[in-house]
Amino acid sequence: MKTDTTISGVFGVDQKTKTSLPLYVGGVSAGFPSPAEDYTDQKLDLNELLIKNPAATFFVRVDGDSMIRAGIQHNDILVVDRSRQAVSGDIVIAVLDGELTVKRLYLGKKHARLIAENPEYPSIEISRDNGCEIWGVVTSVVHQF
């Protein structure tokens, strides 16, 4: 089985500038093409969409493929909110043995674990011995083609 360290960088949030872009009223067809709308309904600021609590939000860059089935790929940027309480099923940033990693959190009655979304990676049991600390909850992923 593979092991991984899945965070290659941590970045702060700077919301001093505001960039609003047009948000088109009509949706984009993922099936049969539909006529494009010629007007916009409103402006969309990506800061407002992706960042609910700027003081508690940071970005991390993913290094690895352990979360591929959750739609998180190598070099993606994750938006992480430290103010959210992590619950079972959340994708979280955890500190494990002094390293940052991204995994899905599972909280059972007797066990807690960090689960990779790639079968080539093992689940990690959370225990007092490995000093696992949840740093924040992943709220969005920025993926470029």
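So, how was this worked out
- Along each chain, residues carry numbers from 1 onward, in the same order as the chain's sequence is written.
- Restriction of local features to residues with pLDDT of at least 70 applies here, the model being predicted, together with a cutoff of 80 or more for giving and counting side-chain atom pairs; totals for whole chains, interfaces and linings are based on all residues.
- Derived side-chain values reflect all non-hydrogen atoms in the structure, with water molecules and hydrogen atoms excluded from consideration.
- Numbering goes from the N terminus for both helices and strands, where a helix is a DSSP run of H or I of at least four residues and a strand is a run of E of at least two.
- Relative accessibility under 20% of the residue-type maximum defines a buried residue, over 50% an exposed one, and the middle range a partly exposed one, all with a 1.4 Å probe and only protein chains included.
- Method for areas: the Shrake-Rupley scheme with a 1.4 Å probe, in which residue coverage is limited to the protein chains shown.
- Charged-residue counts in this description rest on Lys and Arg as positive and Asp and Glu as negative, His and the chain ends being excluded.
- In the sections that follow, a salt bridge refers to a side-chain nitrogen of Lys or Arg positioned within 4 Å of a carboxyl oxygen of Asp or Glu.
- By definition, residues are in contact when any of their heavy atoms lie within 4.5 Å.
- Stacked, tilted and edge-to-face are the three classes applied to pairs of Phe, Tyr and Trp rings, where Trp contributes its six-membered ring and a pair requires centres within 6.5 Å; stacked means planes under 30 degrees apart, edge-to-face means over 60, and tilted covers the rest.
- Between any two strands, at least two bridges found by DSSP are needed for them to pair.
- Among buried residues, those of type Ala, Val, Leu, Ile, Met, Phe, Trp, Tyr and Cys that are joined through side-chain atoms within 4.5 Å constitute a nonpolar core.
- Between N or O atoms, a polar contact is any pair within 3.5 Å; within protein, one atom must be a potential hydrogen donor and the other a potential acceptor, and residues adjacent in sequence are included only when both atoms are from side chains.

*Asks:* Go over the overall build of the protein, please, and point to the residues and values.
*Replies:* Tallying secondary structure elements over the protein gives one helix and ten strands in all. Here the protein holds 145 residues, and the buried ones make up 31% of them. Counting every atom, the protein has about 9600 Å² of accessible surface; 52% of that belongs to carbon and sulfur.

*Asks:* Give a description of the side chain of Asp76 that names residues and reports values.
*Replies:* The residue Asp76 is located in the loop between strand S4 (57-62) and strand S5 (77-81) in this model. Of the side chains with opposite charge, Arg61 comes closest to the buried, unpaired Asp76, at an N-O distance of 7.4 Å. Not counting residues up to four positions away in its chain, the partners in contact with Asp76 are Val60, Arg61, Val62, Gly71, Val141, Val142, His143 and Gln144.

*Asks:* Give me the packing of aromatic side chains: which residues, what numbers.
*Replies:* Summed over all chains, the structure comprises one aromatic pair. When the ring of Phe58 is compared with that of Trp135, the centres are 5.8 Å apart and the planes differ by 90°; the resulting orientation is edge-to-face. With Phe58 in strand S4 and Trp135 in strand S10 (residues 133-142), the pair connects residues that are 77 residues apart, well separated along the chain. Among the residues examined, Phe58 registers a relative accessible area of 9% and is labelled buried.

*Asks:* Would you mind going over the side chain of Glu117 in detail, with residue names and values included?
*Replies:* Here Glu117 lies in the loop between strand S8 (112-115) and strand S9 (124-125). Apart from the residues within four sequence positions on either side, Glu117 is in contact with Ser66, Met67, Ile68, Arg69, Ala70 and Arg104.

*Asks:* Give a description of the pairing of S5 that names residues and reports values.
*Replies:* S5 sits mainly inside the fold: five of its five residues count as buried. Burial along S5 is two-sided: the face carrying Ile77, Val79 and Asp81 and the face carrying Leu78 and Val80 are both buried. Bridge count between S4 and S5: five bridges; the pairing is antiparallel. If you follow Val60 over to S5, its bridge partner there is Leu78. Sheet topology places S5 next to S10; five bridges connect them, and they run antiparallel. In the strand pairing of S10, Asp81 is matched with Val137.

*Asks:* Break down the nonpolar core for me, citing the residues and quoting the values.
*Replies:* Val60, Leu78, Val80, Ile93, Val102 and Val138 are the most contacted members of the largest nonpolar core, which totals 14 residues. Residues Ala86, Ala94, Leu105 and Leu114 belong to the second largest nonpolar core, which totals six residues.

*Asks:* Describe in detail unusual backbone geometry, supporting the description with residues and values.
*Replies:* A negative phi angle is the norm for most residues apart from glycine, just as the trans form is the norm for most peptide bonds. One non-glycine residue, Asn75, lies in the positive phi region at around 80°. Summarising the element assignment, Asn75 is placed in the loop between S4 and S5. On the accessibility criterion, Asn75 (41% relative accessible area) is partly exposed.

*Asks:* Go over the environment of Ser66, please, and point to the residues and values.
*Replies:* With respect to the helices and strands, the residue Ser66 is situated in the loop between S4 and S5. Residues Ser66 and Thr101, spaced 35 residues apart in sequence, show a C-alpha to C-alpha distance of 9.6 Å. A polar contact is formed between the side chain of Ser66 and the side chain of Lys103, at a distance of 3.0 Å.

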